[in-house]
Amino acid sequence: MQEVRESGKMSQRTPEADDPFTLEILQDAFVAVCDEMFETVRRASQSTIIYEVLDLAVGLTDAEGRLITQGNGVPFFLGVIDQAVEEVIQKFTRAHIEDGDIFVTNDPYASGTHLSNVTVIAPIFDREELVGFAANKAHWIDVGGRDAGSVAIDASEIFQEGLQLPYVRLFRRGVADDAVFDLIRANVRTPGMSVGDLMAQLASVRIASDRFAALCAKYGRRAVRAGISRMFEHSREVVVRALERLPTGVYEAEDWIDDDGRGVGPHRICVRVTITSSLVTCDFTGTTAQLASAMNCSRSALLSACRVMFKAITAPSASLSDGSFHGLVVVCPAGTAFTAERPAAVSGYYEVLCRVSDVVWKALAPVLPNALTAGHFSSVAADLIVGTTSDGERFILFEPSAGGWGAGVGQDGVRGVFCISDGDTYSIPVEVAETKYGVQVVQYAFKIGSAGAGQWRGGEGLIRDYEILSDEATVTGVFTRHRFSPWGVAGGHDGSMNEIVVIPRDGSEPIRRGALSRFPLRRGDVVRISTATGGGWGDPMKRDLELLRRDVRNGFVAPDQARETYRVDVRSSNPNEELPAIEAMRVRDA
């Protein structure tokens, strides 16, 4: 069994720390550097998964690999930027890292996620002294492997999933290693796009290096280090105060990985969360062993998911740095679905990470009602459609889907937003998808149904229909929460479930699944992505009549559902009006 303890070690304060104005300027400057890194990747990238979906993250660390700050992007990259830098330091040693070096990796076991997420790391020097690192991680649309798009849910080992870059020196003293570039081009299906995205990442870390070095030149190296130290210290102070306000105790929950993507399952997962005045320990002992499919994640990814939940319950709005995770302890035996070891397949890691966060969330929601909601759709719900455009070019469409979030105390769940793991990402705009890929979006709507009832209702999921315009195509996808609904709290009803539906053009019976791998499609077939409604909070009988009147008027609750679930009669004062006035009255039990 292995324990990961987040210490948030502090550097010694220097005399410059007595100048609060300079330190505040430096802290804001670090954030601005990350913002510029992010925008550089977004604007210069070649693939929609980056410049539209924003499946990326950027960050700065100090010379020891401790996180200074991280920009907007995918929340579940929160635990991997600094770990990637630490791996570079360990492998190459600080003595052999030189100005102008740049490293690249997609190793999913050592500070990684899956092979499609490629990390670029550059050391930052000030007058020949190493002062920090700039890093970014971005999703390449293809890294080779058995399947186009490099997501193979039914893979049994990582060698089927694509090219592996095990912390490679891409540039030495500013000179590119052309052999590495050649290796990448020869092993991916989209060499122009993938290398183009790599160039965007390179530009990002170079800009960050220049901006960081400029801060050292302007304010002095000692002041910059003092600013970094103060950021660590401030984050730690915020967390320490937050930990003192959490309810101490032991909280447990179990949940399920629906199946392994091939129909085998379910597989049990569990957590025991122990909260003291100074520590939050998440112990996943008892979770299922790593699976013989791609439904696994690595220990570093597990830590990342736990960091997200830790920040959610301590200081969600505070600035982010190494000190933000002070007091977090993660325990999990090796070789589980959360701590998979080489050569386990991991291309479906993103769905497993949702299970990590959700089981911690489920354990703590009842005792932290002002911080956590009922269960949400909790799936990246990504669809991978591969086919040929009208001009004969192969296309690879990969994007996440939004869904419904759970209700909370005093608020209904949010409708149609992305899951906790995806955060600040987006779907590809309909116009872009139809222009670049061989599909037509024929429906994009809220998923209306009876699930998620409560005093506060779960938010609705979404339905998106792609009609296939190419003669042949395939679809791959895996959605968790297709057997086990998002959970309600305090008497609230469970939500609905996620599913992929293929509607054949010939009118035959639709195929409904939680997972599909390379499912064959023909022109005119429709792929429907249907995401879940979140869980409700509180007894539905306590829902305010005015809110129910609004629900019915806006079409989110049907009149018969209002009567059956909420025991409320709703009547239209003038049913001929497009939006009639609605009267609501609680039904008396006989």
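(A) Layout of empty space enclosed by the protein. Scanning the entire structure with this criterion turns up three cavities of 30 Å³ or more. Approximately 180 Å³ is the volume attributed to the largest cavity. Forming the boundary of the largest cavity are 18 residues, of which Asp55, Tyr349, Tyr350, Val380 and Asp422 lie nearest the centre.

(B) Expanded view of the sheet that holds strand β5 (residues 117-126). An order of β3-β2-β6-β5-β4-β7-β8 is seen for the seven strands of this open sheet, with the pairing classed as antiparallel. Among the strands making up the open sheet, the edge pair consists of β3 (67-70) and β8 (175-176). Sheet strands in contact with helix α1 (residues 20-44) are β2 (56-62), β3 and β6 (129-139), and its direction is about 145 degrees off that of β2.

(C) Looking closely at the pairing of strand β18 (residues 499-503). Inspection of the sheet shows β18 paired to strand β21 (residues 526-530) by five bridges, in the antiparallel sense. Each bridged residue has a counterpart across the sheet, and for Ile503 the counterpart in β21 is Val526. Where β18 and strand β19 (residues 511-513) come together, three bridges link them in antiparallel fashion. Looking across to β19, one finds that Val501 is bridged to Arg512.

(D) Quick look at the pairing of strand β7 (residues 168-172). Two strands pair when backbone bridges link them, and strand β4 (residues 102-105) and β7 are joined in this way by three bridges, in the antiparallel orientation. Directly across from Val104, in β7, lies its bridge partner Val168. Taken together, the two bridges between β7 and β8 define a ladder with antiparallel strand orientation. For Arg172, the partnering residue across the bridge sits in β8 and is Val175. Linkage of β7 to β8, two consecutive antiparallel strands, is achieved through a turn of two residues, within which Arg173 is found at a positive phi near 50 degrees.

(E) Quick look at the packing of aromatic side chains. All told, the structure shown has ten aromatic pairs when counted by the stated rule. With a centroid separation of 6.5 Å and 85 degrees between ring planes, the pair formed by Trp361 and Trp487 is classed as edge-to-face. Placement of the pair is Trp361 in helix α8 (residues 349-364) and Trp487 in the loop between β17 (472-478) and β18, with a sequence separation of 126 residues. Comparing Trp361 with Trp487 shows no difference in burial state: the two are buried. Between Phe446 and Phe556 the ring centres are 5.8 Å apart and the planes differ by 70 degrees, which places this aromatic pair in the edge-to-face class. Residue Phe446 is found in strand β15 (residues 439-446), and its partner Phe556 is found in the loop between α10 (545-553) and α11 (559-566); the two are separated by 110 residues along the sequence. Residue Phe556 is classed as buried on the basis of its relative accessible area of 11%. Aromatic rings pair up to connect Trp361, Trp405 and Trp487 into one cluster.

Basis of the calculations
Residues numbered from 1 in each chain as written. Predicted model: local features only at pLDDT ≥ 70, side-chain atom pairs only at ≥ 80, totals over all residues. Heavy atoms only, no water. 1 Å grid on protein atoms, 1.4 Å probe; cavity = no way out; pocket = protein on both sides within 12 Å on 5 of 7 lines; lining within 4 Å. Points joined across faces, edges and corners; volume = space filled by probe spheres on them. Pairing = 2+ DSSP bridges. Helix = DSSP H or I, 4+ residues; strand = E, 2+ residues; numbered from the N terminus. Contact = heavy atoms within 4.5 Å. Axes fitted to C-alpha atoms, helices over the stretch in contact; angles between N-to-C directions. Phe/Tyr/Trp six-rings, centres within 6.5 Å; stacked < 30°, edge-to-face > 60°. Buried < 20%, exposed > 50% of the residue type's maximum accessible area, 1.4 Å probe, protein only.

Note that all results are geometric; they support no functional claim without further evidence.
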